[in-house]
Amino acid sequence: MFDIKWISANPEAFDAALKTRGMEPVSKSLVALDDERRAVVAELNAVQEKRNASSKLIGQAKAQKDEARAQELMAEVGGLKDRLGELEAREKALTEDIRAALSVIPNMPAEGVPVGADESENVPYFRANESDATRPAKPNLGFTAKEHYELGEAMGGMDFETAAKLSGSRFVVLKGQLARLERAIGQFMIDLHVDAHGYTEVVPPYLVRDEALFGTNQLPKFEEDLFFTPHGEGRLALIPTAEVPLTNFVRESILTEDELPLRFTALTPCFRSEAGSAGRDTRGMLRQHQFNKVEMVSITTPDKSAEEHERMLACAEEVLKRLGIHYRVMQLCTGDMGFGARRTYDIEAWLPGQDTYREISSVSVCGDFQARRMDARYRDENGKPQFVHTLNGSGVAVGRALIAVMENYQNEDGSVSIPDVLRPYMGGIEKIGG
RNA sequence: GGAGAGAUGGCCGAGUGGUCGAAGGCGCACGCCUGGAAAGUGUGUAGGCGGGGAACCGUCUCGAGGGUUCGAAUCCCUCUCUCUCCGCCA
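Residues numbered from 1 in each chain as written. Chains lettered and ligands numbered in written order. Predicted model: local features only at pLDDT ≥ 70, side-chain atom pairs only at ≥ 80, totals over all residues. Heavy atoms only, no water.

### Observations regarding the pairing of strand E12 (residues 343-351)
In terms of residue burial, E12 counts as a mostly covered element, since nine of its nine residues are buried. Residues Arg343, Tyr345, Ile347, Ala349 and Leu351 of E12 are buried on one face, and the alternating residues Thr344, Asp346, Glu348 and Trp350, pointing to the opposite face, are buried as well. Here strand E11 (residues 327-331) pairs with E12 via five bridges, running antiparallel. Paired with tyrosine 327 across the two strands is alanine 349, which belongs to E12. Sheet topology note: the E12/strand E13 (residues 356-365) ladder contains nine bridges and is antiparallel. In the sheet register, threonine 344 faces E13, and the bridge partner there is serine 364. The loop that links E12 with its antiparallel partner E13 comprises four residues; one of these, aspartate 355, has a positive phi angle of about 55 degrees. (Buried < 20%, exposed > 50% of the residue type's maximum accessible area, 1.4 Å probe, protein only. Helix = DSSP H or I, 4+ residues; strand = E, 2+ residues; numbered from the N terminus. Pairing = 2+ DSSP bridges.)

### Notes on the pattern of salt bridges
Side chains that differ in sign of charge can pair as their charged atoms come close. What the rule picks out here adds up to 31 salt bridges. Across the pair glutamate 86 and arginine 83 runs a salt bridge whose closest N-O atoms are separated by 2.6 Å. Of this pair, glutamate 86 and arginine 83 both sit in helix H5 (residues 81-102), three residues apart, which is roughly one turn of that helix. Taking the relative accessible area as the measure of exposure, arginine 83 reaches 29% and is therefore partly exposed. A salt bridge links arginine 283 to glutamate 153; the nearest nitrogen and oxygen atoms lie 3.4 Å apart. With a gap of 130 residues between them, arginine 283 in the loop between strand E9 (262-271) and strand E10 (290-300) and glutamate 153 in helix H6 (residues 148-154) connect regions that are remote in the sequence. Salt bridges sharing partners connect three or more residues here, namely Arg127, Glu130, Arg135, Glu310 and Glu317. (Salt bridge = Lys/Arg side-chain N within 4 Å of Asp/Glu carboxyl O.)

### Comments concerning the protein's contact with RNA strand B
Near RNA strand B, the surroundings consist of 24 residues, among which Asn45, Gln48, Arg51, Gln60 and Lys92 are the closest. Sugar and phosphate atoms form 72% of the subset of RNA strand B atoms that lie within 4 Å of the protein. Arginine 38 has a polar side-chain atom sitting 2.8 Å from a phosphate oxygen of RNA strand B. One of the side-chain nitrogen or oxygen atoms of lysine 92 is found 2.3 Å away from a phosphate oxygen of RNA strand B. (Near = heavy atom within 4 Å. Polar contact = N/O pair within 3.5 Å; in protein donor to acceptor, adjacent residues only side chain to side chain.)

Have a look at this one:
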């Protein structure tokens, strides 16, 4: 969420940022609302001051048993009540209008983010001394690669028909060694982030309230992507990503600077309605209503967030490097970035069966956008509360990592070899199926 | 699910209608004291919003929201959360 004061001071920059996201300028109407609000607040404060002063005098008069004087003052101050109520109501309405308007405006892209309309304008990302050659190579299969569901169904470990009977489309049942492989991948990844990358493992709630969803931008704009379940008089949402609970850990708090950065990771199921994706990726388990994912979240000071972003990307890449899966990193253009992101890197794993790259991780820095929504702050060196910066990234999606392992490690007989790093999690076996 | 208790500043804790943003203590910061430290001692120590170059001033906030009142931490209503006991339960 934007700071209305910043918009007032920088209306052109604000509108220019919106434009890169394909949005119309709105600074003028927002600033007008804010000007009106400030005028109302000024008058409200003045009237309150008058009332408070009179009330104190009444208290004094009563203490001195000067009932006549007290009555006189009470009659006088009583006349302020209507005006006070009116001003309070207007202030509240204006504040709410501004908040409502701000809550649906996406974040401003960071400096240097490529301007573009959609994913076709994303650009490959390499650090210094980095190239395709410094990443795992594509596998040299020497036969026609199968897609993951062909392999999975053939080995009897991936069952979409049964899942459909239970739950409908976009669900899958994994069985036997494939189920274990899915678990192994999740274990491997979370161990990596905890042991090698310094993240604190968390088991968060999988059901969250609306306030948490507002904090991480799912609400109010993306309600239709979520699953809700009734709860008491209200409702709870199944988390679409562990970003929601992990980031909201710091909501409504003032941290000390030496607590930062906070780094959390969690392996959780994620639930998404995929309302906007009808007909896309319907085959296989690429796009499911339920999937497991290892998520990383960092909370930092503003001066450290850019560096933390690069670090987090490297943490996610390390998963694919250790699994030996070829991938590329794309920096998303302005038109393809998520609502709260200032800069996003997608990691796309090479899938031989599909003969293409598919997103397996997305790593974003949100600046203070979510912190404002959550009221998450820290005390700077002067002791003044400042908003923290938040980052989140998948490290990585377990279901998609399973797909990538299956397609990249497939053998001609339909079996799948187990990458070395996963063997300890698989009881030491070297391959499954076939 | 039933019964009860509670929510006050970084923490503990007082405060049942009047100058209370809030006693006292702890913690913390700075100073004094000390050769140095401890002890002692002095001062300071919430956040939001509005105004102002700033010092500062005003206002709002005692879990949240509403109400009564000239005036609410204190009274009323609703909600949220926490704790205790009982029941049920992985």
